[in-house]
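One letter stands for each residue in the lines below.
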Amino acid sequence: MPNQILQVDENMLETRLDRLVSEKVEQLLNAMLDAEADEITGAARYERSGERRAYRAGHYERNLTVKAGTMTLKVPKLKGALFESAVIERYRRREESVEEALIDMYLAGVSTRQVDDISRLLWGERMPSQTLSDKLKKVYEDIDRWRNRPLADHSYPYLFVDGVWHKRTWGGSVENVSVLVAIGVDDTGHREVIGVAEGMKEDRASWEQFIRSMIERGLRGVRLVVGDRCAGLVSTVNAMLPDARYQRCMVHFMRNVLSKVSHRHTAWAASALKAVFAMESRESALEKAGSVAAQMDDRGLKAAASCLREGMGEATTYLLDEYPPEHRRRIRTNNMIERLNREIRRRTRVVGSFPDGRSALMLICARIRYVTANQWSTRRYLDMSRLDGIMQSTD
């Protein structure tokens, strides 16, 4: 007897199962609405009872979008009483889980037009951009609480700061404005985004306001601030965080020097700069940098030599004895916050230009929370016992 092979049309099976689930959920919800109507009237439909408080007056149909699809509900109408359902919220057209899924899509990087298309494809209903914006207001309230949360529970010995640029409509024209971001490594060695604020042109006034806001929320114990050489950042750190030193991002500094080197000498200069930052002590690094700057002068690279001499002190702060050698690789660059900025730019590129500063700030904050809601913040980034040992020996 030949072997018979059972073949199943998976697409047809899934379609029938989806239809069956949708029908059963629709029947269940309508039965619950009828039960609620019976409870409000004090009697079942067509029942003669002296305890009856109201009468049935038919029903009206209303669509509700849930995970199982779009279904038609028969909402009872009553005479002598107002029908209020605990099962279905008044005026609600979508289940909360459906709305949350659509909002999560938007925050994860899907454009409003694509959210609308996905909603129509999966549930047969639109999610216009204005409706989505109204739903996001509740999310924005939670983001504001997160942005302004107290920071007094921990000290933050290491602070990484940078600005991410985006396009914003300003006075009828589109201009580039900055959102300032700060990541702190706390006394337990974990990373945390502790500050996000609109910084306009990333000038001294913006940095002062940004750092002041974090200090007012409880920022303390900062030993090192890592960032690029932005206008006003260094003077702001010296004035408002007197116990902290400034570390200029090594990677950005090397790029600045190499940008002043002719193409013919780029390979040599890159190799020489790597040798400078391979030194184990600050004294040897500064000595090596002086030697490389002299060779640049001999090769006619005057601008590169001047840039190297000018910024070498700020770029080698991490080599000071007050910072553990085990931390050097991670505190000498701003790579950590740069990776976060790339994720932010990936989301803001979908939008293009923002109509106002708040919409840009809220979307960037939402993207930051989405990206960091994993092992990024729960995994220990540095062993802070090394730093504690140095502090105790210094005292």
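In short, a report on the structure. (Residues numbered from 1 in each chain as written. Predicted model: local features only at pLDDT ≥ 70, side-chain atom pairs only at ≥ 80, totals over all residues. Heavy atoms only, no water.)

### A closer look at the environment of Leu258
Following the sequence through the fold, Leu258 ends up in helix H7 (residues 250–258). In sequence terms Leu258 and Leu308 are 50 residues apart; their C-alpha atoms lie 9.6 Å from each other. Setting aside residues up to four positions removed in sequence, Leu258 forms contacts with Thr266, Ala269, Ala270 and Leu273. (Helix = DSSP H or I, 4+ residues; strand = E, 2+ residues; numbered from the N terminus. Contact = heavy atoms within 4.5 Å.)

### Observations regarding the environment of Arg329
Examined against the element boundaries, Arg329 turns out to sit in helix H11 (residues 328–331). Along the backbone, Arg329 and Tyr318 are 11 residues apart, and their C-alpha atoms lie at a distance of 8.8 Å.

### Some points on helix H9 (residues 282–298)
For H9, built from 17 residues, the straight-helix expectation of 24 Å at 1.5 Å per residue is met to within 8% by its first-to-last C-alpha distance of 24 Å. Regarding H9, the residues found buried are Ala285, Ala289, Val292, Ala293, Met296 and Asp297. For H9, the angular spread of the buried residues around the axis is 145°, confining them to a single face. In H9, the exposed positions that point more than 90 degrees away from the buried face belong to Glu283, Glu287 and Asp298. (Expected span 1.5 Å × (residues − 1). Buried < 20%, exposed > 50% of the residue type's maximum accessible area, 1.4 Å probe, protein only. Arc of directions from axis to C-beta.)

### Quick look at the side chain of Glu314
Among the secondary structure elements, Glu314 is positioned in helix H10 (residues 302–315). Given a relative accessible area of 17%, Glu314 falls into the buried group. Within the structure, the side chain of Glu314 is placed 3.0 Å from the side chain of Arg229, a separation counted as a polar contact. Not counting residues up to four positions away in its chain, the partners in contact with Glu314 are Arg229, Val234, Tyr246, Gln247 and Arg248. (Polar contact = N/O pair within 3.5 Å; in protein donor to acceptor, adjacent residues only side chain to side chain.)

### Thoughts on the pairing of strand E7 (residues 245–248)
Both strand E6 (residues 224–227) and E7 contribute to a ladder of 4 bridges, which runs parallel. Within E7, the residue paired with Val226 across the bridge is Gln247. Remark: the E6/helix H6 (residues 233–240)/E7 crossover connection has right-handed handedness. (Pairing = 2+ DSSP bridges. Right-handed = clockwise from strand over helix to strand, strands pointing away.)

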